[in-house]
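# Descriptive analysis of the structure
Single-letter residue listing:
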Amino acid sequence: MADSLPSFLVVDGNNVIHAWPKLSKIYRQRKASAYQELVKVLESYQDFSDQRVVVVFDGRGTKTTEEREKGSIQIFYSAQNISADSIIERLAAGNTAKYHIVVATDDVSIQDAVVAFGGEAISSDSLAERIKNSQNEMNRWLEARRRQN
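Overview of the structure.

The rules behind the values
Residues numbered from 1 in each chain as written. Predicted model: local features only at pLDDT ≥ 70, side-chain atom pairs only at ≥ 80, totals over all residues. Heavy atoms only, no water. Buried < 20%, exposed > 50% of the residue type's maximum accessible area, 1.4 Å probe, protein only. Helix = DSSP H or I, 4+ residues; strand = E, 2+ residues; numbered from the N terminus. Pairing = 2+ DSSP bridges. Expected span 1.5 Å × (residues − 1). Contact = heavy atoms within 4.5 Å. Axes fitted to C-alpha atoms, helices over the stretch in contact; angles between N-to-C directions. Parallel < 35°, antiparallel > 145°, perpendicular 65-115°, else oblique. Left-handed = near helix turned anticlockwise from the far one by under 90°.

### A few points about the pairing of strand β1 (residues 7–12)
Each regular strand carries side chains that alternate between the two faces of the sheet. β1 sits mainly inside the fold: six of its six residues count as buried. A two-sided burial pattern is seen for β1, the buried positions comprising S7, L9 and V11 on one face and F8, V10 and D12 on the other. Examined bridge by bridge, β1 and strand β2 (residues 51–57) share six bridges and lie parallel to one another. Directly across from L9, in β2, lies its bridge partner V53.

### Some points on helix α3 (residues 31–48)
For α3, built from 18 residues, the straight-helix expectation of 26 Å at 1.5 Å per residue is met to within 8% by its first-to-last C-alpha distance of 27 Å. Within α3 the residues assigned to the buried category are A34, Y35, E37, L38, V39, V41, L42, Y45 and Q46. Residues of α3 that are buried make contact with β1, α1 (13–19), α2 (21–29), β2, β4 (74–77) and α6 (124–148).

### Some remarks on the packing of helix α4 (residues 84–95) against helix α5 (residues 108–116)
The interhelical angle for the contact between α4 and α5, taken along N-to-C directions, is 15°, at an axis separation of 9 Å. Considering the angle they form, α4 stands roughly parallel to α5. When you trace α4 past α5, the crossing you get is right-handed. From α4, D85, I88, E89 and A92 reach across to α5, where they touch S109, I110, A113 and V114.

Limitation: the analysis is restricted to geometry and does not speak to function.
Quick look at the structure:
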């Protein structure tokens, strides 16, 4: 892995939602709200990290769709007949030569595939820790700027 390569964080959306208790609870009440909350957290992470973020969710229609607003994270919804796992694996397989790919999932088969393609795999707990550390760093940065003024 070359540090000079641009870095992408690819998140297995449904897997992370089910692994994080707060999001899992929201998901049981209203699936769309859990998706929105995860996207909000990931947008904040992208804003303060050096990684572009891609999140992949399972089945949302007859074809795979992609959403992205300028400067925001990239969101894929797999077609009903295609798993998010296969999209994640294709993203890793096709991009590890050009980018440092980090995939966040607890699915061991996806983790193994990503590593075999030359990417890095982290667990949902590791993702939560990275996000927490990024938020703490952002808070320290903001506090330092307030003290300067």
